[in-house]
Amino acid sequence: MALLKVKFDQKKRVKLAQGLWLMNWFSVLAGIIIFSLGLFLKIELRKRSDVMNNSESHFVPNSLIGMGLLSCVFNSLAGKICYDALDPAKYAKWKPWLKPYLAVCVLFNIALLLVTLCCFLMRGSLESTLAHGLKNGMKYYRDTDTPGRCFMKKTIDMLQIEFKCCGNNGFRDWFEIQWISNRYLDFSSKEVKDRIKSNVDGRYLVDGVPFSCCNPSSPRPCIQYQLTNNSAHYSYDHQTEELNLWVNGCRAALLSYYSSLMNSMGAVTLLVWLFEVTITIGLRYLHTALEGVSNPEDPECESEGWLLEKSVSETWKTFLESLKKLGKSNQVEAEGADAGQAPEAG
């Protein structure tokens, strides 16, 4: 028994075709929006590619760009089919291709749903990418004279100013690395010598942060150096006083920014997916309603349209049987090829 059977007369078929034609062109616009969102996200990720450890984070924008282009192509073609469905002579040339086309539309909707889920689930991968990328970026902050790394200082400084953050997880991350280049250290100074000797790796570590960590909203002049030395500053206690630095780490700030972007894009893509599923269902009804016209010479006659020709369980069984037959036919072909090669070897 057909699933979700609906009766159509000529008037209903025309209205369905016209409605689907209009919906398909709206869906083309939706595809352009998805393409634009993917392009925007890719540009935003490329802006900060220096503080990201790998290219896995580009999977989502690349997928959105691809799905946007496919949406434009498929829906333009579907709009043409719906337009030609009003003319029996023009519809005849599309008739053999409608079933394969609907199968491709189902696969496209599945892929679009997976991309939508990726938009919501990429947070974990993005977090690890940012953690390693920021750690390496901070390590190369001092290499202003090294080719290939001389831009890293500016990148980190602009990042901390723009996102109002400091360090990877917090400002104390700067205490664990040498972020001042040896070029600007006076090695004849006793203080510099003592600091380098006191460190196992021979690095110049200070309890200070770059200027970009300073919060301009603080009423007190920025304290960048000797942050843990209370006697170095007047009326200062680093354990109780709120420091005039950005408190949040850059990993959390960037993760929040990109997560909000991806969640918004996921919501838009989900709405587009629902729209695409509605169009695919409408196309299926239009296809079966036109196929069910008993007398092509009488366009006014009634016909029946359905979503599935059989019930869900029967359709699933038929699908599995067709897969088994396909597997057996491939096996027989492989055996035949092996048998053909045996006499040649003899």
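You'll find the structure just up there.
Keep in mind that this is a model prediction, so the values were computed, not measured.

A.B. asks: Tell me about the side chain of Q178, and name the residues and values.
C.D. replies: Looking at the secondary structure, you find Q178 in the loop between helix 6 (152–163) and helix 7 (190–198). A polar contact of 3.0 Å, which involves the side chain of Q178, links it to the backbone oxygen of I180. At 3.0 Å, the side chain of Q178 forms a polar contact with the backbone nitrogen of Y204.

A.B. asks: Break down the pattern of salt bridges for me, citing the residues and quoting the values.
C.D. replies: Inspection of the entire model under this criterion finds 10 salt bridges. In this structure, E44 and R48 form a salt bridge, with 3.3 Å as the shortest nitrogen-oxygen distance. By relative accessible area, which is 6% here, E44 ends up buried. We classify R48 as buried; its relative accessible area is 8%. For the salt bridge of D143 with R149, the shortest nitrogen-to-oxygen distance reads 3.1 Å. Since its relative accessible area comes to 14%, D143 is described here as buried. Here R149 falls in the partly exposed class, since its relative accessible area comes to 32%. Linked by salt bridges that have partners in common, E44, K47, R48 and E162 make up one network.

A.B. asks: Describe the packing of helix 2 (residues 59–84) against helix 8 (residues 250–291), with residues and values.
C.D. replies: Interhelical geometry of helix 2 versus helix 8 gives an angle of 25° and a closest axis separation of 12 Å. In this view, helix 2 runs roughly parallel relative to helix 8, as classed from their interaxial angle. As for how helix 2 packs across helix 8, the hand of that crossing is left-handed. On helix 8, the residues that touch V60, L64, S71, N75, A78 and C82 of helix 2 are M262, M265, T269, E276, I279, L283 and L286. Across the contact of helix 2 with helix 8, the residue classes tally to nine nonpolar, three polar and one charged.

A.B. asks: Can you break down helix 6 residue by residue, with the values?
C.D. replies: With 12 residues, helix 6 extends 16 Å between its outermost C-alpha atoms, agreeing within 8% with the 16 Å of an ideal straight helix rising 1.5 Å per residue. Burial in helix 6 covers these residues: M152, I156, D157, L159, Q160 and F163. With its buried residues spanning 160° around the axis, helix 6 presents them on a single face. Buried residues along helix 6 sit in contact with helix 5 (123–139) and helix 8. Immediately beyond the C-terminal end of helix 6, within one or two residues, lies K164, with a positive phi of roughly 55°.

A.B. asks: Can you tell me about a nonpolar patch on the surface, naming the residues and giving the values?
C.D. replies: A cluster of nonpolar residues, W21, L22, W25, F26, L29, I32 and Y83, forms a patch on the protein surface that exposes about 720 Å² of accessible area. In terms of residue count, the dominant contributor to the nonpolar patch is helix 1 (residues 10–47) (six residues). Note on placement: F26 falls in helix 1.

A.B. asks: Tell me what's going on with the nonpolar core, and back it up with residues and numbers.
C.D. replies: In terms of nonpolar packing, the biggest core is built from 72 residues, with W174 and V209 touching the most fellow members. Those elements that provide at least two residues to this core are helix 1, helix 2, helix 3 (88–94), helix 4 (98–121), helix 5, helix 6, helix 7 and helix 8. Here this core spans two domains, since at least three of its residues come from each of domain 1 (3–137 + 252–309) and domain 2 (175–247). Other than its neighbours up to four places away in sequence, W174 contacts M138, Y141, I156, Q160, C166, G167, W179, V206, G208, V209, P210 and C213.

A.B. asks: If you had to explain the packing of helix 1 against helix 8 to someone new, which residues and values would you point to?
C.D. replies: Packed helices, taken two at a time, are described by their axes: the angle between them and the distance between them. Taken N-terminus to C-terminus, the directions of helix 1 and helix 8 make an angle of 155°; their axes are 9 Å apart at the nearest point. Looking at the two axes, helix 1 sits roughly antiparallel to helix 8. The interaxial crossing formed by helix 1 with helix 8 has left-handed handedness. Taken together, the residues of the contact of helix 1 with helix 8 sort by class into 26 nonpolar, five polar and three charged.

Reading the values: rules and limits
Here, residues in each chain are numbered from 1, in the same order as that chain's written sequence. Where local features are concerned, this predicted model is filtered to residues with pLDDT of at least 70; where side-chain atom pairs are given and counted, the filter is 80 or more; whole-chain, interface and lining totals use all residues. To get the side-chain values, take all heavy atoms of the structure and skip hydrogens and water. Strands are runs of DSSP state E lasting at least 2 residues, helices are runs of H or I lasting at least 4, and numbering of each runs from the N terminus. Between N or O atoms, a polar contact is any pair within 3.5 Å; within protein, one atom must be a potential hydrogen donor and the other a potential acceptor, and residues adjacent in sequence are included only when both atoms are from side chains. Salt bridge criterion: a side-chain nitrogen from Lys or Arg within 4 Å of a carboxyl oxygen from Asp or Glu. Classification of residues uses two cut-offs on accessible area relative to the type maximum, computed with a 1.4 Å probe and protein chains only: under 20% is buried, over 50% is exposed, and between them is partly exposed. Simply put, an axis is a line fit to the C-alpha atoms, just over the touching stretch for a helix, and the angle between two N-to-C directions goes from 0 to 180 degrees. Oblique is the label for any angle not covered by the other classes, which are roughly parallel (under 35 degrees), roughly antiparallel (over 145) and roughly perpendicular (65 to 115). Whether a crossing is left-handed or right-handed is set by the direction in which the near helix is turned from the far one by less than a right angle, anticlockwise for left-handed and clockwise for right-handed. Only heavy atoms enter the contact rule, under which two residues are in contact if any of them lie within 4.5 Å. Here the term charged refers only to Asp, Glu, Lys and Arg, the term nonpolar to Ala, Val, Leu, Ile, Met, Phe, Trp, Tyr, Cys and Pro, and the term polar to all other amino acids, Gly among them. A helix is expected to span 1.5 Å multiplied by its residue count minus one. Note that the arc is computed from the directions linking the helix axis to the C-beta atoms. Residues with no salt bridge and a relative accessible area higher than 30% make up the patches, which join like charges within 9 Å and nonpolar side chains (Val, Leu, Ile, Met, Phe, Trp, Tyr) within 5 Å. To be clear on the numbers: accessible area is Shrake-Rupley with a 1.4 Å probe, and residue cover counts the displayed protein chains and nothing else. Buried Ala, Val, Leu, Ile, Met, Phe, Trp, Tyr and Cys residues form a nonpolar core when they are joined through side-chain atoms within 4.5 Å. Reported domain spans reflect what an automatic or database domain assignment gives.

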